[in-house]
Amino acid sequence: MILTNSYLSLGDEFYQQIEPTPVAAPNLLLWNHELADQLAIDPALQQDRVALSQYFSGNRLFPDSTPVALAYAGHQFGQFNPRLGDGRAHLLGELTDRTNHRFDIQLKGSGPTRFSRSGDGRCAMGPAVREFIMSEAMHALGIPTARSLAVVTTGEMVFREEMRPGAVVTRIAASHLRVGTFEYFASQGNLDAVERLCGYAVERHYPELKQETGEGFYTAFLQAVCRKQIELICHWLRVGFIHGVMNTDNTSISGETIDYGPCAMMSSYNPDAMFSSIDHSGRYRFIQQPQICQWNMARLAESLLPLIHEDSKTAVSIAEELLKEMANEFHQQYFAMLGKKIGLTETKPADETLINDLLKHLRLNKLDYTQTFHRLTESLHSSEIDTQISTDLGDWYPRWKIRLDEQGENKETVYQQMRSQNPVVIPRNHHMEAVIRSCIETGSADDAEAFLAVLKSPYRETATTAQYQDAPADNDRDYQTFCGT
Ligand code: AMP
Ligand code: MG
């Protein structure tokens, strides 16, 4: 495995060079074979569970690794914190995969750093397993996300309300640049660092912008990040994902989902769905995610203002215009996404009423989001499902049928499109919790592996899919997620 670390070239104000703190008794719990193969990790190493436990707990370092903890700031629940940073993570370096894409490889829960503040630098096993399963499920759903390579239990306990077993999770991401990284330097008035960071981000994630020159470069960069975020949030809304802690330090510049702390999946459709124990005001509830995304992009824009234009008023008006455009673009993509979910190849303005009426119906009747779209899809193939769903959806159903007829598209084409947008199975909260409990209580990953096997083909039913399709009995009424920090 050859590791490089281009982040080091940015300058030492960007990170702290620090090694992971060894753990007592590392033991490999989860290993992502498919991802390891993609990253061309030595097959001999992959066979050696003891060596993997050592490397992916931070007890042993790869010879060419220079571990660093990254500096960043961030707005948490709307409040600016100028000094966050990797308080429990170590970037080991970068790997190039078989298709020549570069990824960060990072340990999380690997010990304290300069940025730990009052934290212990560790991670509990539950949140580590949750991050592994959720991120792999999101990847399989076709959603941009950081992925997980390994979970190694540490043989040590961490205190989180009570003593819990600890673990280290290995995260693979396009990079760990966040909106908060830009805010960190902008808030210190270090424009030179913000400029370097923009150059680095474009090189890694938006190489097509390299030919942009002068101030247009920064506007183009901001616009490109906004577009990636819109795409991402539309995916979240498509599958009913609630991130739970969309702080600017958890908003990736590459447009990937990062930080799976208190996330959850929506069962019955409810735009106000939220599960995080620390989100008292519902700031990060399901339907609020696009607005928050836009708010986060405004924070990125603020960090870039002096680079967007030398005259501050002009810079503000350029940024405002761009963010307004972003809202329009989101609106269009949101309805196009929902249009695709109901089989429309092209969504016209008049379809917005049809779509909104369906959502209203789902909400009023507390219908399960995933199951409804799945059954709507299958109704095109099965007259039995067709009869059931027409009862469930009442008046809306014939309106939908008329609209499909009007579209005149081949039925099989419509079915295939809906099938590609509407998952059969998602990582439902009650299954996730049961699997995590099983891992902790038995020390075995068998239940996690069985769950993962199904989540790997979310748009297709396999022999065991049915075990995970059920909506929670109590509609997740009392379900709560925790940051796991
Ligand atoms: P998060 O809410 O997980 O995105 O974390 C917010 C900030 O708290 C980041 O700077 C983390 O590095 C830091 N942090 C979270 N948990 C811990 C911990 N157990 N020890 C040290 N720092 C932590
Ligand atoms: Mg974070």
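Residues numbered from 1 in each chain as written. Chains lettered and ligands numbered in written order. Predicted model: local features only at pLDDT ≥ 70, side-chain atom pairs only at ≥ 80, totals over all residues. Heavy atoms only, no water.

**Quick look at the state of the cysteines**
Inspection of every chain in the model, using the stated rule, returns 0 disulfides. Cys226 provides the cysteine sulfur closest to Cys198, a residue in no disulfide bond, and the two sulfurs are 13 Å apart. Residue class for Cys226 comes out buried when judged on its relative accessible area of 2%. (Disulfide = S-S within 2.5 Å. Buried < 20%, exposed > 50% of the residue type's maximum accessible area, 1.4 Å probe, protein only.)

**Regarding the pairing of strand β9 (residues 162-173)**
Pairing geometry for strand β7 (residues 102-108) and β9, over 5 bridges, is antiparallel. Residue pairing for β9: Ile105 is matched across the bridge by Ile172. Pairing analysis gives 10 bridges linking strand β8 (residues 147-160) to β9, with the strands arranged antiparallel. By the bridge assignment for β9, Ala150 is matched with Thr170. (Pairing = 2+ DSSP bridges. Helix = DSSP H or I, 4+ residues; strand = E, 2+ residues; numbered from the N terminus.)

**Some remarks on a nonpolar patch on the surface**
A cluster of nonpolar residues, Met157, Phe159 and Met163, forms a patch on the protein surface that exposes about 350 Å² of accessible area. Of note, Phe159 is situated in strand β8. Overall, the relative accessible area of 53% leaves Phe159 in the exposed class. (Patch = residues over 30% accessible without salt bridge, like charges linked within 9 Å, V, L, I, M, F, W, Y side chains within 5 Å. Areas by Shrake-Rupley, 256 points an atom, 1.4 Å probe, with all protein chains shown as cover. Salt bridge = Lys/Arg side-chain N within 4 Å of Asp/Glu carboxyl O.)

**Re the domain arrangement of the chain**
You'll often see interface size given as the accessible area lost when the parts meet. Here the domain parsing of the chain yields domain 1 (6-173) and domain 2 (209-339). Each of domain 1 and domain 2 has a C-alpha centre, and the two are 25 Å apart. Approximately 1,900 Å² of surface area, both sides summed, lies buried where domain 1 meets domain 2, with 62% of it carried by carbon and sulfur atoms. Ranking the residues of domain 1 by area buried against domain 2 places His75, Phe77 and Pro144 at the top, with a combined share of 33%. (Domains from an automatic or database assignment. Buried area = accessible area lost by both parts, 1.4 Å probe.)

**A look at the site of ligand 1**
Not every one of the 18 residues close to ligand 1 is listed here, only the nearest: Gly85, Gly87, Arg117, Asp120 and Gly121. Here an oxygen atom of ligand 1 sits 2.6 Å away from a polar atom, N or O, in the main chain of Gly85. Side-chain polar atom of Asp259 to an oxygen atom of ligand 1: 3.1 Å apart, as the coordinates give it. Considered on its own, ligand 1 offers 480 Å² of accessible surface; in the complex 90% of this is hidden by protein. A domain split of the shell around ligand 1 shows at least three residues from each of domain 1 (6-173) and domain 2 (209-339). (Near = heavy atom within 4 Å. Polar contact = N/O pair within 3.5 Å; in protein donor to acceptor, adjacent residues only side chain to side chain.)

**Focus on the nonpolar core**
Within the largest apolar cluster, 125 residues are counted, with the highest numbers of intra-cluster contacts made by Phe182, Phe221, Ile253, Ile342 and Leu376. In terms of residue count, helix α7 (residues 216-239) provides more of this core than any other element does, 15 residues in total. Domain assignment of the residues forming this core places at least three in each of domain 1 (6-173) and domain 2 (209-339). One finds Ala36, Phe56, Phe103 and Val168 within the second-largest nonpolar core, a separate group that totals 23 residues. (Core = buried A, V, L, I, M, F, W, Y, C linked by side-chain atoms within 4.5 Å.)

**Quick word on the side chain of Arg171**
Assignment of secondary structure puts Arg171 in strand β9. Looking at Arg171, the relative accessible area reads 4%, which means it is buried. Here His176 takes part through its side chain, which lies 3.4 Å from a polar atom of the side chain of Arg171. Setting aside chain neighbours within four positions, we find Arg171 in contact with Asp104, Ile105, Gln106, Lys108, Glu131, Ala146, Arg147, His176, Arg178, Ile258 and Asp259. (Contact = heavy atoms within 4.5 Å.)

**Regarding the coordination of the magnesium ion (ligand 2)**
Looking at the metal site, the magnesium ion (ligand 2) is ligated by Asn250 (OD1) and Asp259 (OD), spaced 2.0 to 2.2 Å from it. In this structure, Asn250 and Asp259 share a single accessibility class: buried. (Donors = N, O, S within 2.8 Å, 3.2 Å for Na, K, Ca; no water.)

**Describing the pattern of salt bridges**
Taken as a whole and assessed by the stated rule, the structure comprises 30 salt bridges. Here Asp259 and Lys108 are joined by a salt bridge, their closest N and O atoms 3.6 Å apart. Linking Asp259 in the loop between β10 (241-242) and β11 (264-265) with Lys108 in strand β7, this pair joins segments that are 151 residues apart in sequence. By relative accessible area, Asp259 is classed as buried at 16%. Relative accessible area serves as the criterion here: at 7%, Lys108 is assigned to the buried category. Asp478 is paired through a salt bridge with Arg477; the nearest N and O atoms lie 3.6 Å apart. In terms of burial, Asp478 and Arg477 fall into one category: exposed. Through salt bridges with shared partners, a single ionic network connects Glu94, Arg102, Asp104 and Arg204.

**Overview of the environment of Asp446**
As for its placement among the helices and strands, Asp446 is situated in helix α16 (residues 446-455). On the basis of relative accessible area, Asp446 is assigned to the exposed category, the value being 58%. Through-space distance from the C-alpha of Asp446 to that of Leu30 is 9.6 Å; in sequence the pair is 416 residues apart.

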